[in-house]
Amino acid sequence: MSEKTELKARRSSTPPVPTCHECSEEALGRCPDCHSGLCMDHFPRQQHSPCAQKQMKLVQRQVCYVCGTQVYPDQWSLARTSHCIDNFSCNGCGRSICDELHTKRKREDITVVREGLRGHRYQNTTRYCALCAPFHRIGGIKGLARLVVLAGTIVLGILFYLHP
């Protein structure tokens, strides 16, 4: 009797294998946009349903804001646990920029996400355009604007506090 309960306990403690959102294969990674578990074949944005439809709607807006060339945000898997993500957009202002001419600063960040006993490595490409590159340490133009608003709020708070 104890052998059966021990066997049941061992079976129930094994986590279920996650399956792909599109097919029934083992899910090897999660999409950073829709957070669905996907296999290696369906990990690119063009290969799974919610992100492919979203990208088709945005195809007219995904052009370099300087020269107007079409940019294609992409993600792909190099191996079962290694994934690359490149949005082709400036991290400072959020506008789409091309790789060849108008990316002034490019950095690749690697994050490791634990999922059960396996760790997934996501390599994200972060880009900055010519306007945001000088301010990349504070988050580009948007970070500069936040800093100016914060400083202005502090100065106005001090003035209103000291004003009789």
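Described in the following lines is the structure provided in the data block.

Here is what the cut-offs are and how they apply
Residues numbered from 1 in each chain as written. Predicted model: local features only at pLDDT ≥ 70, side-chain atom pairs only at ≥ 80, totals over all residues. Heavy atoms only, no water. Buried < 20%, exposed > 50% of the residue type's maximum accessible area, 1.4 Å probe, protein only. Helix = DSSP H or I, 4+ residues; strand = E, 2+ residues; numbered from the N terminus. Pairing = 2+ DSSP bridges. 1 Å grid on protein atoms, 1.4 Å probe; cavity = no way out; pocket = protein on both sides within 12 Å on 5 of 7 lines; lining within 4 Å. Points joined across faces, edges and corners; volume = space filled by probe spheres on them. Nonpolar A, V, L, I, M, F, W, Y, C, P; charged D, E, K, R; others polar. Contact = heavy atoms within 4.5 Å. Axes fitted to C-alpha atoms, helices over the stretch in contact; angles between N-to-C directions.

A word on the pairing of strand β4 (residues 82-90). Burial analysis of β4 places seven of its nine residues in the buried class, which makes it a mostly covered element. Note: strand β3 (residues 74-79) against β4, five bridges, orientation antiparallel. Counterpart to A79 in the pairing with β4 is S82. The antiparallel pairing of β3 with β4 creates a hairpin that spans two residues between the two strands. One ladder, built from six bridges, connects β4 with strand β6 (residues 118-128); its direction is parallel.

A volume near 370 Å³ is recorded for the largest pocket. Lining the largest pocket are 15 residues, and of these R45, L58, Q62, P73 and N87 lie nearest its centre. Partitioning the lining of the largest pocket into residue classes produces five nonpolar, six polar and four charged.

Position of S96 relative to the elements: it lies in the loop between β4 and β5 (105-115). We classify S96 as buried; its relative accessible area is 15%. Residues in contact with S96, not counting those within four places in the same chain, are R61, Q62, V63, C64, Y65, V71, F88 and S89.

Hydrogen bonding along the main chain pairs the strands of a sheet, whether they run parallel or antiparallel. An order of β3-β4-β6-β5 is seen for the four strands of this open sheet, with the pairing classed as mixed. Bordering the open sheet on either side are β3 and β5, each of which pairs with just one other strand. Direction aside, neighbouring strands of the sheet carry axes that sit 20 degrees apart on average.

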